[in-house]
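Fold and geometry: a report
Residue-level listing of the chains:
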Amino acid sequence: MNRARVLSHLLSRVPPGTPVTAVRAWLIGGARGKASAPPPPTALAAEPFLNGSSSNYVEEMYNAWLHDPKSVHQSWDTFFRNTSAGAQPGEAYMAPPSLAQPTRHHVPLSSIAPAISPAVGRTPLTDNVIDDHLAVQGIIRAYQARGHLIAALDPLGIDREALSERPPSTMPSRIVIRGHSIAKIDPLGINTVDSSESRELVVRNYMNRFNESDMDRSFKLPMSTFVGGNEKTLPLKEIIKRLEDAYCRSIGVEFMFINSLEQCNWIRQKFESPGIMAMNQQDKRLLLARLTRSHGFEAFLARKFSSEKRFGLEGCEILIPAMKQVIDRSTSLGVESFVMGMPHRGRLNVLSNVCRKPLEHIFTQFAGLDTGDEGSGDVKYHLGTYQERLNRVTNKNIRLAIVANPSHLEAVDPVVQGKTRAEQFYHGDSEGNKVLSILLHGDAAFSGQGIVYETFHLSELPEYTTHGTIHVVVNNQIGFTTDPRMSRSSPYCTDVARVVNAPIFHVNADDPEAVMHVCNVAADWRHTFHKDVVIDLVCYRRNGHNEVDEPMFTQPLMYNRIRKLKPVIELYADKLISEGVVSAEETKEVRDRYEKILEEAFTAAKSETRVFNKHWIDSPWSGFFEGKDPLRATPTGVHEDTLTHICKRFASAPPNASDFVIHRGLQRILSSRMEMVKARTVDWAMGEAVAFGSLLKEGVHVRLSGQDVERGTFSHRHHVLHHQKVDKSQYNALANLYPDQAPYTVCNSSLSEYAVLGFELGFSMTNPNALVLWEAQFGDFNNTAQCIIDQFISSGQSKWIRQTGLVLLLPHGMEGMGPEHSSSRLERFLQMTSDDPDVLPAFSSDFAIRQLSDINWIVANCSTPGNLFHVLRRQIALPFRKPLIIMTPKSLLRHPEAKSSFDDMVEGTEFQRIIPEAGPAAKNEAGVKRLIFCSGKVYYDLAAARKEAGIEDSIAIARVEQIAPFPYDLIKQECDKYPDAELVWSQEEHKNMGAWSYIQPRIATALNHERHIVKCDKVANDSEGHESQSWYEYWFPWAFPTSSQTEASIPPKRETPIASDTRVLRYAGRPVSASPATGNKKTHTREVKQLLEDALAL
Ligand SMILES: Cc1ncc(C[n+]2csc(CCOP(=O)(O)OP(=O)(O)O)c2C)c(N)n1
Ligand SMILES: [Mg+2]
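Since the model is a prediction, treat every value here as computed from it, not as a measurement. (Residues numbered from 1 in each chain as written. Chains lettered and ligands numbered in written order. Predicted model: local features only at pLDDT ≥ 70, side-chain atom pairs only at ≥ 80, totals over all residues. Heavy atoms only, no water.)

**Here we look at the overall build of the protein chain**
Regarding its fold elements, the protein chain presents 37 helices and 30 strands. Out of the 1098 residues in the protein chain, the part that is buried amounts to 59%. If you take every contact in the protein chain between residues at least 6 apart in sequence, the share linking residues at least 24 apart comes to 82%. When the accessible surface of the protein chain is totalled, it reaches about 43,600 Å², and 51% of it is carbon and sulfur. (Helix = DSSP H or I, 4+ residues; strand = E, 2+ residues; numbered from the N terminus. Buried < 20%, exposed > 50% of the residue type's maximum accessible area, 1.4 Å probe, protein only. Contact = heavy atoms within 4.5 Å. Areas by Shrake-Rupley, 256 points an atom, 1.4 Å probe, with all protein chains shown as cover.)

**Some words on the coordination of the magnesium ion (ligand 2)**
Looking at the magnesium ion (ligand 2), one finds its protein donor set to be Asp443 (OD), Asn476 (OD1) and Ile478 (O), positioned 2.0 Å from the metal centre. When the donors of the magnesium ion (ligand 2) are listed by position in the chain, the intervening gaps give D-x32-N-x1-I. Of this pair, Asp443 sits in helix H17 (residues 443-448) while Asn476 sits in the loop between strand S9 (469-475) and helix H19 (484-487), and the two are 33 residues apart along the sequence. (Donors = N, O, S within 2.8 Å, 3.2 Å for Na, K, Ca; no water.)

**Focus on helix H22 (residues 568-579)**
Since the α-helix turns once every 3.6 residues, residues separated by three or four places project in the same direction. With twelve residues, H22 should cover 16 Å at 1.5 Å per step; its first-to-last C-alpha distance of 16 Å lies within 8% of that length. All of the buried residues in H22 are Val568, Ile569, Tyr572, Ala573 and Leu576. One face of H22 carries all of its buried residues, which in axial projection span an arc of 125°. Taken together, the buried residues of H22 touch helix H12 (281-304), helix H20 (512-529) and helix H23 (584-606). The first or second residue beyond H22 is Gly580, which carries a positive phi of 80°. (Expected span 1.5 Å × (residues − 1). Arc of directions from axis to C-beta.)

**Focus on empty space enclosed by the protein**
Considering all chains together, one arrives at nine cavities of 30 Å³ or more under this definition. The space that makes up the largest cavity amounts to roughly 140 Å³. Only strand S21 (884-888) and strand S27 (982-990) provide two or more residues apiece to the lining of the largest cavity. The element best represented in the lining of the largest cavity is S27, accounting for five residues. Residue classes in the lining of the largest cavity are distributed as eight nonpolar, eight polar and three charged. (1 Å grid on protein atoms, 1.4 Å probe; cavity = no way out; pocket = protein on both sides within 12 Å on 5 of 7 lines; lining within 4 Å. Points joined across faces, edges and corners; volume = space filled by probe spheres on them. Nonpolar A, V, L, I, M, F, W, Y, C, P; charged D, E, K, R; others polar.)

**Thoughts on the pairing of strand S24 (residues 930-934)**
Side chains on a regular strand alternate between the two faces of the sheet. For S24, the buried fraction is high: five of the five residues fall into the buried class. Side chains of S24 alternate between two faces, with Arg930, Ile932 and Cys934 and Leu931 and Phe933 buried alike. As defined by bridge partners, S24 adjoins strand S25 (residues 955-960) across five bridges and the pair is classed as parallel. Residue pairing for S25: Cys934 is matched across the bridge by Arg959. (Pairing = 2+ DSSP bridges.)

**Here we look at the packing of helix H16 (residues 412-426) against helix H27 (residues 754-764)**
When two helices pack together, their arrangement is given by the angle between their axes and by how far apart the axes lie. Two numbers describe how H16 lies on H27: the axes approach to 6 Å, and their chain directions differ by 45°. Regarding the angle of H16 to H27, the classification is oblique. When you trace H16 past H27, the crossing you get is right-handed. Residues Pro414, Val415, Gln417, Gly418, Lys419, Arg421, Ala422, Phe425 and Tyr426 of H16 touch H27, and the partners they reach there are Tyr754, Ala755, Gly758, Phe759, Leu761, Gly762 and Phe763. For the contact of H16 with H27, the class distribution of residues is ten nonpolar, four polar and two charged. (Axes fitted to C-alpha atoms, helices over the stretch in contact; angles between N-to-C directions. Parallel < 35°, antiparallel > 145°, perpendicular 65-115°, else oblique. Left-handed = near helix turned anticlockwise from the far one by under 90°.)

**A word on the pairing of strand S19 (residues 807-811)**
With respect to burial, S19 is a largely interior element, five of its five residues being buried. Neither face of S19 is exposed, since Val807, Leu809 and Pro811 on one face and Leu808 and Leu810 on the opposite face are all buried. Bridge count for strand S18 (residues 770-775) against S19 is three bridges, and the pairing is parallel. The residue of S19 that forms the bridge with Trp774 is Leu808. Summarising the sheet, S19 and S21 pair through five bridges and their orientation is parallel. Of the residues in S21, the one forming a bridge with Pro811 is Thr888.

**Some details on the environment of Ala691**
With respect to the helices, strands and loops of the structure, Ala691 is situated in helix H26 (residues 684-697). Residue Ala691 is classed as buried on the basis of its relative accessible area, which comes to 0%. For Ala691 and His870, which are 179 residues apart along the polypeptide, the C-alpha to C-alpha distance reads 7.3 Å.

**A look at the pattern of salt bridges**
Tallying each qualifying case throughout the model produces 52 salt bridges. Residue Lys284 is joined to Glu579 by a salt bridge in which the shortest nitrogen-to-oxygen separation is 2.8 Å. Here Lys284, found in helix H12, pairs with Glu579, found in helix H22; they are 295 residues apart in sequence, far enough to count as distant. For Lys575, the salt bridge goes to Glu579, with nearest N and O atoms at 2.7 Å. Taken together, the residues Lys575 and Glu579, both in helix H22 and four residues apart, mark about one turn of the helix. For Glu579, a relative accessible area of 36% corresponds to the partly exposed category. One continuous salt-bridge network, built from bridges that share partners, spans Asp132, Arg209, Asp214 and Arg217. (Salt bridge = Lys/Arg side-chain N within 4 Å of Asp/Glu carboxyl O.)

**Describing the sheet that holds S19**
Spatial strand order, S17-S14-S18-S19-S21-S20-S26: seven strands in an open sheet with mixed pairing. One side of each edge strand has no neighbouring strand; the edge strands of this open sheet are strand S17 (744-748) and strand S26 (962-964). Direction aside, neighbouring strands of the sheet carry axes that sit 20° apart on average. As defined by bridge partners, strand S14 (residues 701-706) adjoins S18 across six bridges and the pair is classed as parallel. Across the sheet, residue Val702 finds its bridge partner in S18, namely Leu771.

**Some details on the confidence of the model for the protein chain**
On average, the protein chain scores 85 in pLDDT, and the residues at 70 or more come to 83%. Of the regions scoring below 50 in pLDDT, residues 162-193 engages in 78 contacts with residues more than four places distant in sequence or in other chains. Low pLDDT (under 50) marks residues 1015-1027, which in the prediction has 25 contacts with non-local residues, meaning those over four places away or in another chain. (pLDDT = per-residue confidence, 0-100.)

**Observations regarding unusual backbone geometry**
Cis peptide bonds are those with omega within 30 degrees of zero, and the linkage from Ala964 to Pro965 qualifies with -5°. Turning to its location among the elements, Pro965 is positioned in the loop between S26 and helix H34 (968-977). In this structure, His821 takes a positive phi of about 70° despite not being glycine. Structurally, His821 can be placed in the loop between S19 and helix H30 (826-831).

**Points about the packing of aromatic side chains**
Tallied over the entire structure, the rule returns 29 aromatic pairs. Ring centres 6.5 Å apart and planes at 40° place the aromatic pair Phe305 and Phe363 in the tilted group. A residue pair is termed long-range when its members are at least 10 positions apart, and Phe305 in the loop between H12 and helix H13 (319-332) and Phe363 in helix H15 (residues 359-364) qualify at 58 residues. In terms of burial, Phe305 and Phe363 fall into one category: buried. Relative to Phe763, the ring of Tyr426 has its centre 5.8 Å away and its plane inclined at 65°; by these criteria the two rings are edge-to-face. A residue pair is termed long-range when its members are at least 10 positions apart, and Tyr426 in helix H16 and Phe763 in helix H27 qualify at 337 residues. Given the relative accessible area of 29%, Tyr426 is considered partly exposed. Taking relative accessible area as the criterion, Phe763 reaches 1% and is therefore assigned buried. Every member of this aromatic cluster is reached through a ring pair, and the members are Phe300, Phe305, Phe363 and Phe602. (Phe/Tyr/Trp six-rings, centres within 6.5 Å; stacked < 30°, edge-to-face > 60°.)

Written as structure tokens, this is what we have:
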């Protein structure tokens, strides 16, 4: 039995004499019929579920039921059984018995059951009539769902070919073929599918029942289409024509996978409504002017710098008008700030023509000039920018930022999202109405890079959403030298976006007006639904990957075709001239005017002698550095009352404790916390909490994000208490400390390191007065976010002179748990620090802070909660921002010794870069035979073993808490204190890991082993002898008079060591290994024993 039979079966129950139009009304009229119809006759109203839009669904339910009655909702099951058994109208349907959420085949029949219209008509109702109407509905739906498969998207006409070469077993080509089967251009000459065949791809066999004469028959339009406009019925040929105009011309709309009828209807309306794509003359002229600039910019650079790489936009010049259209439209809808991320392709053009970055700044980047300020800089097509400007179309001021990024494609995506989210957060823009992120992608990168998927999955998470991102893909159908056949397995490069139900608008980039239409729809979609949307600009790349690449080596046929194509500016100008919208003279005038602007800027740029990295900052922190002493941090100790208050709150149940049922285990934890408050001590979790709490009190927003951070991987944190009886009823003590405190955000993230770390980095870039922390589940997982660590965090300030105080919490330590989860790869973070192991900075009163300001990041491995408290607070106390990498403990979280007294955190205390020996050995300086330096948890093992061996007065142990920058001054002080002691470095990590290779040369330098001492106030000179500014001279000009104000620049000072300590540091620890830790518990225990013997045996 098929759908028609099901329906005719149902129709057989229509009382004799019921007019056919009544049936037709429900069959094809849907809600429209319903709205205008008089009340249904009783017999039919008793079975009021049949309407036009549901007939497909009825069939689907019926087929599913036939296959397996259990696969459908119980109400359908009952209904079909009853109708099969001959039930009378009104008797077959029974209300669903369950309130459970229905799944696909479990949608209750009641949900699609409007009344049936009893309109009047005379045509006898036959199976044929019903089937014809159903077929028309099928056709309409087919175009909506699959019209994009035959849309003329590709200016080259090769995209369908690329995919149809796949073996049928891996991809049924007739299904996946998309794009250009009816386009006229095909460089490969084998695009042989004619238009009737391609149409069949969409409508499949729905058309079989119609012949030419049926084309003039009128059909009533169902509520699922808007092609009729005000018409209720249309001839079949007109229905098909309008559907093809909507779905198969230059725009291919992919949206029918979206699980929301409202959203699907919204999109249908935006593309199907007659005349909706029409553009007025003024907009056409504006579009032409924007295209002229886009084209002119690349042409100018090509002429002036013919051998320079610029990753030009030729072949996708429409990108500039497209972005501007999205911005115009969104601005008119209330957006004030745009945060953008984009790859190399067309970046300079976007900087100039979308952001209006001064052309001189761009041109000087080509001139090979020295830098005039701090930073290593970056190539011009990676740099960011921030501009505030007037949007001329809406006459509103807007902010535009392009986030600087590395070469690593798509890595910037989560950073942009984090920055956007932060802007929204700090502006109180809880719905994303004011701040919008736009992400640009290349086709190969969009489908190839996993970070795209990871970023999409942040899009709807409560603490990570940016309330919809507009994605624009420059789909030039090639990635470097690889075409889509070899670079992806999905039909479209955009398929990744389907996972979040984002609509995807494929559009032929050579049809500028179609592009503008999808841009408007995308902006409206985002404004209406606050969800992601994708614009896929199907285009081509006129040159090689860059301007000095030869594309004919690898894509000869494609490029033969490309060479014959006219640039889109010519196509569009010709079109507008032929329409009489502009004259040829006007187009020339617009071109010449822009050419003049370019020439003038080019001339002005010639007089520049330097480039300035500061011109390219994407996240300026205006006011933050103002009036600060660049070398003074505010104290980190806090008043005892504050400690007590925060700790008490942290140890207490919610204020409404009697109504809030807490887990018993948590009650125990809270009690033990209260015990600690009484004893004026903190464990790790309390140390962290009081650091956060005291910052919150001071108005500093704290955001802690990562996998399972709310409870903590090791069940030690418990920042969010869950009511054991009421879903979503939670209590967060740190968010409820003081009435006027800053907000506290703690959020479990998606299971992604790359995206979430990138996101938090972006978040941290927005507001320097926020402590943003990302915690890895275990420290070793940080390597799946390696790109963010290498490309952004360790080198970001140097490349892009932008700062971040982001904190990475990386659980680290060898607890016998196997090769994984033991090592955060401390050695890698240390290897990437930018301090020179051979240079001993001059000791001075501001030594510690100078070191911090000079280094790229701080690496710490604290052994006490008190020190953790201080180092976290110091992040905000510093007058600048540096990333902080902390190796955090596991067993120390509950270690009885790893506690700190309030005395270590009150006013007057501070972070201890090293914790020197304080036991009996400290009082026996001359008698100490060995001074062991170590870091982190191993200290507790060493101290316990030393005590057990009874040698506490002859071995001193000093803990290096801040490993980088290396505390030379304190290390030297400690060495000097025990002049006769052997110096040992002991670590639990294997010798080729951990801090050893970082520590060894630096201790040697501290001991003055034939190493230069260079004063740290050296001034770097460029090749022409210009003095370049350090970053703090730039940000704190009042504290650093320029050399013209002083008598002369200070030359680097080199001094011979005053005294040399001949001692050599010995290593005591595990041998080298390929694996971070053994998987065998016994071996682990043996290794620990060996390590301790090695370190302590005298
Ligand atoms: C993660 C990463 N891998 C490799 C590269 C090297 N690379 C630079 S551009 C490019 C091709 C990019 O193709 P697509 O995304 O389609 O952008 P298009 O250059 O075509 O605009 C490649 C592979 C890179 N930059 N980043
Ligand atoms: Mg590409």
